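# What the coordinates show
For reference, the chains in residue letters:
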Amino acid sequence: MRRYRIAAIAGDGIGQEVIPAGLDVLRAIADRQGFALDVEEFPWGSDYYRANGKMMPEDGLETLKPFDSIFFGAVGDAHLPDDITLWGLRLKICQGFDQYANIRPTRVLPGLTSPLRAVEPGDIDWVIVRENSEGEYAGHGGRAHRGHPEEVATETAIFTRAGVTRIMRTAFRIAQSRPRKLLTVVTKSNAQKHGMVFWDEIAAEVAREFPDVTWEKELVDAMAARMVRKPGSIDTVVATNLHADILSDLAGAVAGSLGVAPTANLEPDRRFPSMFEPIHGSAFDIAGKGVANPVATFWTAAMMLEHLGEPAAAASLMVAVEQVCASGIMTADVGGTANTAEVTAAVVAAIRGAN
Ligand code: ATP
Ligand code: MG
């Protein structure tokens, strides 16, 4: 029997509610499709920090390394700074395992409404590929003449040939795997004449390896407008760390709710495990009430199955989620009255009932 080793880190806040829900759904789909999941749960996060003075053990990365994937909930605490929580756990894993591609699919699920008036069902079906290891967030720069009238601060974006080539290949591969085979390479090469021109050049080079993919260039400002005005003209998008950060929040907003948005932090070369997580954070306003929307986590689970090499399981999990959303069994954040357990039970039942 095919077996996969999954490290589950529920983390903080509603992570503690949505990850167990996601594991229930994963176990149901594994049963149905005839593979096994060996799940190990790690109690790392802010409570672990309060007890042990760190977010995860010193050898945490070594512990995670042999796993096939990491299924992650949320991290963030009202009483601890992000420097400790986010940097001590989530970013440590992202950086330690060189998860250089952040993948964010966006769709308007059945039963949800986009705030865009003109959107027809199916209009929005995007995948945004964000460069996750360098660029504008490389932390390069500094301050001179602090406090003086001539003070200067610089923030230098770093783009390397290796870094841009590998994200471009990942994006072309994803575009190639989708029906439209369309990739939009987003830059700001009219105004940023070094790094962004470099992106355009490498895009053209990598494009030669993918003759069946149609690709185009778009400036980031025009892209933001196009996402609102002509959402149906977009399929796969690749952009820098900063640009994709902004565009993917816009994408999340036009799709309806944070509670349904998934993401993957991929290490596409498979030297290390990749990490799959809902986009939302700990959401302390609703934590402990049993009302968190688990759909983002279910979609996250489907992305993980796809990465593990179980695309049929991923597809039928999404069919089950869409059936349940369409039937109106939804949490309050998307206009329903069901709680986390009820949505989870409905998705498990839909999986068990599927042919
Ligand atoms: P963080 O600081 O880690 O980003 P947060 O507490 O700011 O976490 P977010 O995840 O950013 O929370 O979400 C903002 C708000 O959106 C939450 O406070 C919550 O009301 C709502 N929300 C987010 N995720 C969900 C969900 N899965 N189900 C229902 N509501 C959600
Ligand atoms: Mg937040």
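Residues numbered from 1 in each chain as written. Chains lettered and ligands numbered in written order. Predicted model: local features only at pLDDT ≥ 70, side-chain atom pairs only at ≥ 80, totals over all residues.

Note the threshold: UniProt positions are given in the numbering used here, feature names are shortened, and annotations may be inferred rather than shown by experiment.
Going by what an unreviewed UniProt entry lists, the protein chain is known as D-malate dehydrogenase [decarboxylating] and is assigned to Rhodovarius crocodyli. UniProt's Function (unreviewed entry) comment on the protein chain is quoted here verbatim: "Has multiple catalytic activities. Apart from catalyzing the oxidation of (+)-tartrate to oxaloglycolate, also converts meso-tartrate to D-glycerate and catalyzes the oxidative decarboxylation of D-malate to pyruvate." Of the comments in the UniProt record for the protein chain, the one headed Sequence similarities (unreviewed entry) reads "Belongs to the isocitrate and isopropylmalate dehydrogenases family."

## A word on the overall build of the protein chain
Put simply, the test is: Think of it this way: any DSSP run of H or I at least four residues long counts as a helix, any run of E at least two long counts as a strand, and we number them from the N terminus. Neighbour counting defines burial: a residue surrounded by 20 or more other C-beta atoms within 10 Å of its own C-beta is buried, one with 12 or fewer is exposed, and intermediate counts give partly exposed, using backbone-placed C-beta atoms. Contact between residues is assigned whenever the C-beta positions, reconstructed from backbone atoms, fall within 7 Å.
In terms of helices and strands, the protein chain carries 11 helices and 12 strands. In terms of overall dimensions, the protein chain has C-alpha extents of about 60 × 50 × 40 Å along its principal axes. Evaluated residue by residue, the protein chain yields a buried proportion of 47% over its 355 residues. Counting only contacts in the protein chain whose residues sit at least 6 apart along the sequence, the fraction spanning at least 24 positions is 74%.

## A few points about helix α1 (residues 15-33)
Spelled out, the test is: Multiplying one less than the number of residues by 1.5 Å gives the expected span of a helix.
Here α1 is 19 residues long and its end C-alpha atoms lie 26 Å apart, about the 27 Å a rise of 1.5 Å per residue gives. By the burial criterion, the buried members of α1 are Gly-15, Glu-17, Val-18, Ile-19, Ala-21, Gly-22, Leu-23, Val-25, Leu-26, Ala-28, Ile-29 and Ala-30. Gly-34, located one to two residues past α1, shows a positive phi value of around 75°.

## A word on the packing of helix α5 (residues 161-177) against helix α6 (residues 195-207)
The condition is simple: What counts as an axis is a line fitted to C-alpha atoms, over the stretch in contact for a helix, and the angles between N-to-C directions run from 0 to 180 degrees. What sets the label is the angle itself: under 35 degrees gives roughly parallel, over 145 gives roughly antiparallel, 65 to 115 gives roughly perpendicular, and the rest give oblique. We call a crossing left-handed when the near helix sits turned anticlockwise from the far one by less than a right angle, and right-handed when that turn is clockwise. Amino acid classes used here: Ala, Val, Leu, Ile, Met, Phe, Trp, Tyr, Cys and Pro are nonpolar; Asp, Glu, Lys and Arg are charged; the rest, including Gly, are polar.
For the pair α5 and α6, the least separation of the axes is 9 Å and the interaxial angle reads 50°. What the angle tells us is that α5 and α6 run oblique. Judged by the twist between their axes, the crossing of α5 over α6 is right-handed. Every residue of α6 that contacts α5 at Val-164, Thr-165, Met-168, Arg-169 and Phe-172 is listed here: Phe-198, Trp-199, Ile-202, Ala-203, Val-206 and Ala-207. Of the residues contributing to the contact of α5 with α6, the split by class is nine nonpolar, one polar and one charged.

## Concerning the sheet that holds strand β2 (residues 35-41)
The following threshold applies: Here the rule is simple: two strands pair whenever DSSP picks up at least two bridges between them.
Here we have 10 strands laid out as an open sheet, ordered β2-β1-β3-β12-β11-β4-β5-β10-β8-β9, and mixed in their pairing. The open sheet has two free edges, formed respectively by β2 and β9 (214-219), since each of these has just one partner strand. Across this sheet, the average inter-strand angle for adjacent strands is 25°, counted without regard to direction. Pairing of strand β11 (residues 262-266) with strand β12 (residues 274-278) involves four bridges; the strand directions are antiparallel. Of the residues in β12, the one forming a bridge with Pro-262 is Pro-278.

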